[in-house]
Amino acid sequence: MEKIKRLITEGSTDEAIRLLDAHIQKNPDDDEAYYLRGKAYYKQGDIRLALNNYLEAIARNPDSPAQGAYNMAIRILDFYNKDMYNH
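Residues numbered from 1 in each chain as written. Predicted model: local features only at pLDDT ≥ 70, side-chain atom pairs only at ≥ 80, totals over all residues. Heavy atoms only, no water.

A. Up close: the nonpolar core. In terms of nonpolar packing, the biggest core is built from 21 residues, with Ile 4, Ile 8, Tyr 35, Leu 36, Tyr 54 and Ala 66 touching the most fellow members. Put simply, the parts of the chain that give this core at least two residues each are helix 1 (2-10), helix 2 (13-26), helix 3 (31-44), helix 4 (47-60) and helix 5 (66-85). If one sorts the elements of this core by residue count, helix 3 sits on top with six residues. The contact partners of Ile 4, leaving out residues within four places of it in the chain, are Ala 16, Leu 19, Leu 20 and Leu 36. (Core = buried A, V, L, I, M, F, W, Y, C linked by side-chain atoms within 4.5 Å. Buried < 20%, exposed > 50% of the residue type's maximum accessible area, 1.4 Å probe, protein only. Helix = DSSP H or I, 4+ residues; strand = E, 2+ residues; numbered from the N terminus. Contact = heavy atoms within 4.5 Å.)

The following block contains the structure:
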């Protein structure tokens, strides 16, 4: 997981997602993998897939850091959506 975290930090999100997909196939209950895949998708700008992965992580572990990431992403979306309606 350390390599995957480094890849996400460095911006190599495609490679990180590829490795996470393979990991999740073998370990479908690993909440950290879903959380990290969510982070990678978020960094790519694919908010929908990020939120879906955060929710998968939360379903497997309610104490996952994905809960905080999910809440933050929703707050950001709410902020931007409200601004779009105010113009």
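Let us keep going from here.
B. Representation of the packing of helix 2 against helix 3 within the structure. For the pair helix 2 and helix 3, the least separation of the axes is 9 Å and the interaxial angle reads 155 degrees. The orientation of helix 2 with respect to helix 3, classified from their angle, is roughly antiparallel. As helix 2 packs across helix 3, the resulting crossing turns out to be left-handed. Between helix 2, through Thr 13, Asp 14, Ile 17, Leu 20, Asp 21, His 23 and Ile 24, and helix 3, the contact on the second element is made entirely by Ala 33, Tyr 34, Leu 36, Arg 37, Ala 40, Tyr 41, Lys 43 and Gln 44. Counted by class, the contact of helix 2 with helix 3 contains eight nonpolar, three polar and four charged residues. (Axes fitted to C-alpha atoms, helices over the stretch in contact; angles between N-to-C directions. Parallel < 35°, antiparallel > 145°, perpendicular 65-115°, else oblique. Left-handed = near helix turned anticlockwise from the far one by under 90°. Nonpolar A, V, L, I, M, F, W, Y, C, P; charged D, E, K, R; others polar.)

C. Looking closely at the side chain of Arg 37. Its location among the elements puts Arg 37 in helix 3. The class of Arg 37 is buried, set by a relative accessible area of 15%. A polar atom in the side chain of Arg 37 sits 2.6 Å from the side chain of Asp 21. A polar atom in the side chain of Arg 37 sits 2.7 Å from the side chain of Asn 53. Sequence-distant contacts of Arg 37, defined by excluding residues within four places in its chain, comprise Ile 17, Leu 20, Asp 21, Ile 24 and Asn 53. (Polar contact = N/O pair within 3.5 Å; in protein donor to acceptor, adjacent residues only side chain to side chain.)

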